Amino acid sequence: MVVEIKKIGVIGSGQMGSGIAHVCALSGFDVSLSDLSMDRIESGLASINGNLARQVQKGQITEEERSAALGRLSMAQDLDLLADVDLVIESAVENEQVKRKIFAQLCPILKPEAMLATNTSSISITRLAATTDRPERFIGIHFMNPVPLMELVELVRGIATEDETFEAAKGFVKTVGKTVAVAEDFPAFMVNRILLPMINEAIYTLYEGVGSVESIDTAMRLGANHPMGPLQLADFIGLDTCLSIMQVLYEGLADTKYRPCPLLVKYVEAGWLGRKTHRGFYDYRGDEPVPTR
Ligand SMILES: CC(=O)CC(=O)SCCNC(=O)CCNC(=O)[C@H](O)C(C)(C)COP(=O)(O)OP(=O)(O)OC[C@H]1O[C@@H](n2cnc3c(N)ncnc32)[C@H](O)[C@@H]1OP(=O)(O)O
Ligand SMILES: NC(=O)C1=CN([C@@H]2O[C@H](COP(=O)(O)OP(=O)(O)OC[C@H]3O[C@@H](n4cnc5c(N)ncnc54)[C@H](OP(=O)(O)O)[C@@H]3O)[C@@H](O)[C@H]2O)C=CC1
């Protein structure tokens with residue numbers, strides 16, 4: 001039996017978790033936001049507040065809608081506070097062990113009929129579901145970055161996901177105003193199966209000296225009408241997330257064409273993860289982003 005979704009728990013208050021909490025609260029759901037520390041949760045709430053204010057300023061929502069959304073958001077560092085949620089959306093770091101540990105901690109706390117979803121970019125839904133006590137109520141609900149602006153959500157069923165779960169997830173995505181694309185549960189699903197090899201190829205283009213950071217991004221912005229250059233987009237996504245997705249593709253499809261570029265590995269090893277650490281292919285610490293190569 002699948003429950004009616006009214007209360008949502010979001011695990012991970014980084015750029016995606018806070019974006020997901022933002023759109024859920026704005027759409028009328030009560031949202032409990034969880035992360036490893038109150039600092040993390042508070043910074044997630046601060047970015048939600050800023051993005052809601054920006055939407056008010058642009059006339060996309062009213063001040064009343066903004067304050068009502070903020071009133072639906074609560075902090076839940078202690079996972080026990082999620083005992084009565086109807087749906088959990090996990091959006092922690094793109095690391096399978098971390099995600100498995102979160103689900104192992106959550107399952108004994110959640111009510112039996114609660115649904116579990118993951119916002120993973122690439123990891124097997126079937127494999128993650130199998131580590132829980134509810135594979136039939138487990139599904140991939142994959143939002144795009146930045147969540148308040150991007151229309152698409154990829155829905156990914158694990159082999160055990162029941163029809164009722166799929167239908168409830170589809171209805172939820174519609175309620176938050178997004179458009180569903182259904183992907184089969186194979187490495188990196190659809191968007192990242194296509195997008196990340198392109199980003200990885202852009203990094204190879206830099207690594208082999210074919211172009212500079214600036215010329216590569218200019219080439220794709222003006223030559224292919226991309227809103228962001230591939231290296232700018234990599235910094236926006238997070239270079240750690242980009243590397244994790246390439247590793248999932250490389251291991252999952254066993255094809256050398258998915259081998260992550262050594263230069264991407266080097267940036268991640270340096271802790272230069274892009275916007276979220278203020279340095280990646282660009283240095284964001286000044287007024288304007290400056291290429292780091
Ligand atoms: C990795 C995965 O698993 C899957 C993925 O997400 S793959 C990545 C998918 N996302 C993309 O490809 C994003 C490509 N980039 C874009 O579409 C655009 O650059 C963008 C929508 C992000 C920004 O739009 P833009 O008009 O080009 O830039 P910008 O003027 O800075 O932003 C316009 C508005 O968008 C909003 N915005 C921009 N960045 C935002 C963010 N990070 N969060 C929320 N809102 C944001 C703001 O409302 C901004 O309004 P202001 O002008 O008041 O600042
Ligand atoms: N970035 C993108 O463009 C997109 C990412 N995704 C997916 O969304 C998920 C999150 O990505 P993103 O928001 O970019 O990542 P971020 O690094 O911005 O945020 C991840 C958050 O999860 C926290 N975290 C780590 N471990 C735990 C844990 N055990 N319990 C609770 N919180 C934890 C991190 O804390 P700390 O920093 O202290 O480790 C951080 O606050 C990933 O699975 C990613 O693949 C999906 C679509 C787009």
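Up top is the structure these notes are about.
Here's what I pulled together on the structure shown here. A quick note: this is a predicted structure, and the numbers were derived from the prediction, not measured. (Residues numbered from 1 in each chain as written. Chains lettered and ligands numbered in written order. Predicted model: local features only at pLDDT ≥ 70, side-chain atom pairs only at ≥ 80, totals over all residues. Heavy atoms only, no water.)

1. A look at the site of ligand 1
Part 1 of the argument: Every one of the 17 residues lining ligand 1 counts as a neighbour, but Ser-121, His-142, Asn-145, Leu-149 and Asn-192 are closest to it.
Part 2 of the argument: A distance of 2.7 Å separates an oxygen atom of ligand 1 from a polar side-chain atom of Ser-121.
Part 3 of the argument: Asn-192 places a polar side-chain atom, nitrogen or oxygen, 2.8 Å from an oxygen atom of ligand 1.
Part 4 of the argument: Considered on its own, ligand 1 offers 1,000 Å² of accessible surface; in the complex 66% of this is hidden by protein.
Part 5 of the argument: For the shell around ligand 1, the secondary-structure elements that each account for two or more residues are α2 (38-57), α7 (191-207) and α9 (230-237).
Part 6 of the argument: Looking at the shell around ligand 1, the element that brings in the most residues is α9, giving three residues.
Part 7 of the argument: Tallied by class, the residues present in the shell around ligand 1 amount to ten nonpolar, five polar and two charged.
Part 8 of the argument: Each of domain 1 (7-183) and domain 2 (192-291) contributes no fewer than three residues to the shell around ligand 1. (Near = heavy atom within 4 Å. Polar contact = N/O pair within 3.5 Å; in protein donor to acceptor, adjacent residues only side chain to side chain. Areas by Shrake-Rupley, 256 points an atom, 1.4 Å probe, with all protein chains shown as cover. Helix = DSSP H or I, 4+ residues; strand = E, 2+ residues; numbered from the N terminus. Nonpolar A, V, L, I, M, F, W, Y, C, P; charged D, E, K, R; others polar. Domains from an automatic or database assignment.)

2. Here's the deal with the environment of Asn-49
Part 1 of the argument: By the element assignment, Asn-49 lies in helix α2.
Part 2 of the argument: Distance in space between the C-alpha atoms of Asn-49 and Ser-67 is 9.3 Å, their sequence separation being 18 residues.
Part 3 of the argument: Every residue in contact with Asn-49, bar those within four places of it in the chain, is listed here: Arg-66 and Leu-70. (Contact = heavy atoms within 4.5 Å.)

3. Considerations on the pattern of salt bridges
Side-chain pairs of opposite charge can arise where the charged atoms are in close proximity.
Part 1 of the argument: Throughout the structure, instances matching the rule amount to 14 salt bridges.
Part 2 of the argument: Between Arg-285 and Asp-283 there is a salt bridge, with its nearest N and O atoms 2.6 Å apart.
Part 3 of the argument: On the accessibility criterion, Arg-285 (56% relative accessible area) is exposed.
Part 4 of the argument: Here Asp-283 falls in the buried class, since its relative accessible area comes to 16%. (Salt bridge = Lys/Arg side-chain N within 4 Å of Asp/Glu carboxyl O. Buried < 20%, exposed > 50% of the residue type's maximum accessible area, 1.4 Å probe, protein only.)

Function cannot be inferred from these measures alone, as they are strictly geometric.
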